[in-house]
There are 2 protein chains.
Amino acid sequence: MDFEELKPLLKNNSNSKIVLLVLDGLGGLPLTHEGKTELETAKTPNLDAIATKSILGLQQPLLPGMTPGSGPAHLGLFGYDPLKYKVGRGVLSALGIDFDLKADDVAARGNFCTVDNEGLITDRRAGRIPTKTCVELCKLLSDNVNIPGVEVFLKPVKEYRFLLVIRGRGLKANITETDPQSVGYEPLLAQAITGGSQKAAEITQEFVSQASEILKDQHPANMLLLRGFSQLPTWPKFSEAFGLKALAIAMYPMYRGVAKLVGMNALPAAHSMEEEIDMLEANWEDNDFFFVHIKKTDSAGEDGDFDLKVSIIEKVDSLMPRIMALKPDVLIVTGDHSTPAKMKSHSWHPVPTMIYSDLCRPDCIAEFGEHACRAGGLGPRFPAYELMPMALAHANRIEKFGA
Amino acid sequence: MDFEELKPLLKNNSNSKIVLLVLDGLGGLPLTHEGKTELETAKTPNLDAIATKSILGLQQPLLPGMTPGSGPAHLGLFGYDPLKYKVGRGVLSALGIDFDLKADDVAARGNFCTVDNEGLITDRRAGRIPTKTCVELCKLLSDNVNIPGVEVFLKPVKEYRFLLVIRGRGLKANITETDPQSVGYEPLLAQAITGGSQKAAEITQEFVSQASEILKDQHPANMLLLRGFSQLPTWPKFSEAFGLKALAIAMYPMYRGVAKLVGMNALPAAHSMEEEIDMLEANWEDNDFFFVHIKKTDSAGEDGDFDLKVSIIEKVDSLMPRIMALKPDVLIVTGDHSTPAKMKSHSWHPVPTMIYSDLCRPDCIAEFGEHACRAGGLGPRFPAYELMPMALAHANRIEKFGA
């Protein structure tokens, strides 16, 4: 739904509470064609009981066959069509390490790389240097780069990956990438695509030039490549788009970051799932909308550990009575995408989803699982971004359209 | 489907007859999560028998979570995407009371309101004056307003609501509303948004000025507010868009009105459901398409009377043999939206729908109800405006696309 269609229909109903519980990478696959998925294998008496009072379906995070990263997948859940609301890699990198981006900051995702005597790239990942080396190199650059009038931040991410942030007045990030994406070439020049980005392009080139001098005797990371120049987007705020005071509860920076990107408040990182529910309880009265993120389902899927993913789902199930005891008007249980242990990666498979509410038209389905969800009233492949308007409707927060 | 895509494919097949039977507010909710909806509770042997020879589904009138008013909901059933074909409130008010709008007329929805000594609004609804007072005030204004060169019509609607129509040459309705939507403010000036609307804006201001003088000693309705300035739309006619000679049969003006809005002929208001079927039979030979509107399902839902809604559905069921005896090539049974008795209001829940035709691929579903429809071939949440092209196809009225 377009925010413009929805906005005039928003109803102030601040007594109603909505919980969006996201089990990261929830969707799965059976290990054999005859088998069950992780969610179907897990014993989930509490989720199944909620299913009987819910409307079910499978949501598609992007387009058919498209596998989302965490950023776009969460934007969809928050009601922002991820193909329309695109986030640059630089900004996503900043979110992932909890870097506090400001409005004018230009962020880029960096790789340390190796170049030969002639400056041609021989390894785009500098032999996958360990994170420890990345930390040292970022410090070396931070201590020695000096560009008048701007601040330059270098933050290690993982292995050869780092975040570059340039902070200065009136910078625009519409700049070409320096990574040619192939070995055997020189790094490209950062060039302004539009006039307004001229200043940021010049600063970037000055940074690259100083960095190549500082790194030249390092091995194997004697150069760097930059991609995804981007800035904080100026999208409609979640609170204004949906008329909700929203709070994000998560254990990892990426998820707090993407929530903050749409203007949600985010609590400090929790240390366990139990603490996430503690936080939910403690902040219940002061907010309308709660995004609660469970990370470990995805990690287990990425590791190919079917049984671990099953046990984490069962752990979440055991926490459901605490959530239900708060009497949410609307509870959505879903994932941001599928991460089948069978594939050890994110996938495109649609994600089991249920909307519990006293106003939903129940499906007569007594199980929360991929197979069961397919027969549900939400449909077998509905766009993730439809969840928010439906949540608002079930929370009695949307007025009638037309007379 | 876009009319432009469809138009070149329309086939003249004037021997085929389509009936669109709309049970207003048909969709419902169970009173408890374990229960049945109104339609599922009703004993409907005739509808169930038709279901076995039909394709079923649940249609979504607008977007997910959006609750439609009667106007937009019917436009969708008539094949007009209600988010694209928008009707102003003024025009909808005129339809609702059977006012015969002309092409250049400017219509507005009016409220009588109360203002204090300084002209600030203290009650936007003038204490919800009874309809009788509204009738008197409309007459008072009609008798005393005098604006050279135009005709001004004031028609009571209900309680504090009235319809204003300004009739003159070359008027355009692109005017700002005078209702500030809050108390404590003066009524706003009606201003032209585009140059062509200047004349209508000036006439409106002159009307408001005279009306405030005429009303000043009335209590509590000593002023008025105007919203939704609009004119008859210039949309593709139903007959041309779909190649059908169409007839509307209804008991209430709103539904005859919205049918006339798309160019259907409408019979005079019927006085009972039986009379509606009499009218269908009497006009069978001379038309291709019949929109038959049943109002009382919605009224019962609005009143929260679950049992009454059940009994009206059963009454409609008892009339189905008379419709089937006419041997329609295509019969659609649906609602314009859901009106669950549980909510006492229109709602966003998708609406049970079936298309009966000798050419449909039946679903092997032997019941017409929300739960049964969800599993049907039309899908659990398809857009209402897809019904018309499907009806045409099943009536053998669409040619092959491409060679």
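For clarity, every value in this text was computed on a predicted model and none was experimentally measured.

What about the packing of helix H10 (residues 273-282) of chain B against helix H12 (residues 306-325) of chain B?
Residue and element names in this part refer to chain B.
Now for step 1: For the pair H10 and H12, interaxial distance at closest approach is 11 Å and the crossing angle is 15°. The angle between H10 and H12 places the two elements in the roughly parallel class. As for the relative orientation of H10 and H12, their crossing is right-handed in sense. Residues Met273, Ile277 and Leu280 of H10 pack against Lys315, Val316, Leu319, Arg322 and Ile323 of H12.
Now for step 2: In terms of residue class, the contact of H10 with H12 is made up of six nonpolar, no polar and two charged.

Section: the interface of chain A and chain B
Now for step 1: The partner chain B presents 28 residues to the 21 residues of chain A that form the contact.
Now for step 2: For the side of chain A that touches chain B, the residue count by class is 12 nonpolar, four polar and five charged.

Observations regarding the relation of the copies chain A and chain B
Now for step 1: Note on the identical chains: chain A maps onto chain B by a rotation of 121° and an axial translation of 0.1 Å, with an RMSD of 0.1 Å. Considering both components of the superposition, the chain copies are consistent with a three-fold axis.
Now for step 2: Little of the interface of chain A is mirrored in chain B, where only 10% of its interface residues again form contacts.

Some thoughts on the nonpolar core
Now for step 1: Within the largest apolar cluster, 127 residues are counted, with the highest numbers of intra-cluster contacts made by Phe291(A) and Ala391(A).
Now for step 2: Apart from the residues lying within four places of it in its own chain, the contact partners of Phe291(A) are Leu20(A), Val22(A), Ala246(A), Ala248(A), Ile249(A), Ala259(A) and Met264(A).
Now for step 3: Membership of the second largest hydrophobic core comes to 119 residues, among which are Ala51(B), Leu101(B), Val258(B) and Phe306(B).

Some remarks on H10(B)
All names here are of chain B.
Now for step 1: For H10, the full list of buried residues reads Glu276, Ile277 and Leu280. Taken down its axis, H10 places every buried residue within 95° of arc, on the same side.
Now for step 2: As for H10, its buried residues are in contact with strand S8 (246-249), strand S10 (289-294) and H12.

Notes on the confidence of the model for chain A
Now for step 1: In this model, chain A carries a mean pLDDT of 95, and residues with pLDDT of at least 70 account for 100%.
Now for step 2: Both scores are available for the predicted complex, with the pTM at 0.91 and the ipTM at 0.89.

Some remarks on the environment of Ile18(B)
All names here are of chain B.
Now for step 1: Looking at where isoleucine 18 falls in the secondary structure, it is placed in strand S1 (residues 18-23).
Now for step 2: Note: C-alpha distance between isoleucine 18 and aspartate 329 (311 residues apart in sequence) is 6.0 Å.
Now for step 3: When residues no more than four places from it in sequence are discounted, the contact partners of isoleucine 18 are Asp288, Phe289, Pro328, Asp329, Val330, Ala391 and Ala395.

Notes on the domain arrangement of chain A
Residues and elements named next belong to chain A.
Now for step 1: Taken domain by domain, chain A consists of domain 1 (3-86 + 236-394) and domain 2 (92-230).
Now for step 2: Measuring from the centre of the C-alpha atoms in domain 1 to the corresponding centre in domain 2 gives 35 Å.
Now for step 3: On the domain 2 side, the residues contacting the six residues of domain 1 number five residues.
Now for step 4: Broken down by element, the residue count for the side of domain 1 that touches domain 2 peaks at five residues, all from helix H9 (residues 253-261).
Now for step 5: Looking at the side of domain 1 that touches domain 2 residue by residue, the class counts come to four nonpolar, two polar and no charged.

Some thoughts on unusual backbone geometry
All names here are of chain A.
Now for step 1: Proline 220 follows histidine 219 through a cis peptide bond whose omega is 0°.
Now for step 2: If you trace the backbone, proline 220 turns up in the loop between helix H7 (198-215) and strand S7 (223-230).
Now for step 3: For lysine 344, which is not a glycine, the phi torsion comes out positive at approximately 55°.
Now for step 4: Considering the arrangement of structural elements, one finds lysine 344 in the loop between strand S11 (330-334) and strand S12 (351-357).
Now for step 5: Under the C-beta neighbour-count criterion, lysine 344 is labelled partly exposed, with 13 such atoms within 10 Å.

A word on the sheet that holds strand S11 (residues 330-334) of chain B
Residue and element names in this part refer to chain B.
Now for step 1: The strand order S9-S8-S10-S1-S11-S12-S2-S13 describes an open sheet built from eight strands, whose pairing is mixed. Taken across any chain shown, the strands that pair with only one partner, and hence form the sheet edges, are strand S9 (265-266) and strand S13 (379-383).
Now for step 2: Sheet analysis places S1 next to S11, joined by five bridges and oriented parallel. By the bridge assignment, leucine 20 is partnered in S11 with isoleucine 332.

How each quantity is defined
- Residues numbered from 1 in each chain as written.
- Chains lettered and ligands numbered in written order.
- Predicted model: local features only at pLDDT ≥ 70, side-chain atom pairs only at ≥ 80, totals over all residues.
- Axes fitted to C-alpha atoms, helices over the stretch in contact; angles between N-to-C directions.
- Helix = DSSP H or I, 4+ residues; strand = E, 2+ residues; numbered from the N terminus.
- Parallel < 35°, antiparallel > 145°, perpendicular 65-115°, else oblique.
- Left-handed = near helix turned anticlockwise from the far one by under 90°.
- Contact = placed C-beta atoms within 7 Å.
- Nonpolar A, V, L, I, M, F, W, Y, C, P; charged D, E, K, R; others polar.
- Least-squares fit on C-alpha atoms with pLDDT ≥ 70 in both.
- Core = buried A, V, L, I, M, F, W, Y, C linked by C-beta atoms within 7 Å.
- Buried ≥ 20, exposed ≤ 12 C-beta atoms within 10 Å, placed from the backbone.
- Arc of directions from axis to C-beta.
- pLDDT = per-residue confidence, 0-100.
- Domains from an automatic or database assignment.
- Pairing = 2+ DSSP bridges.

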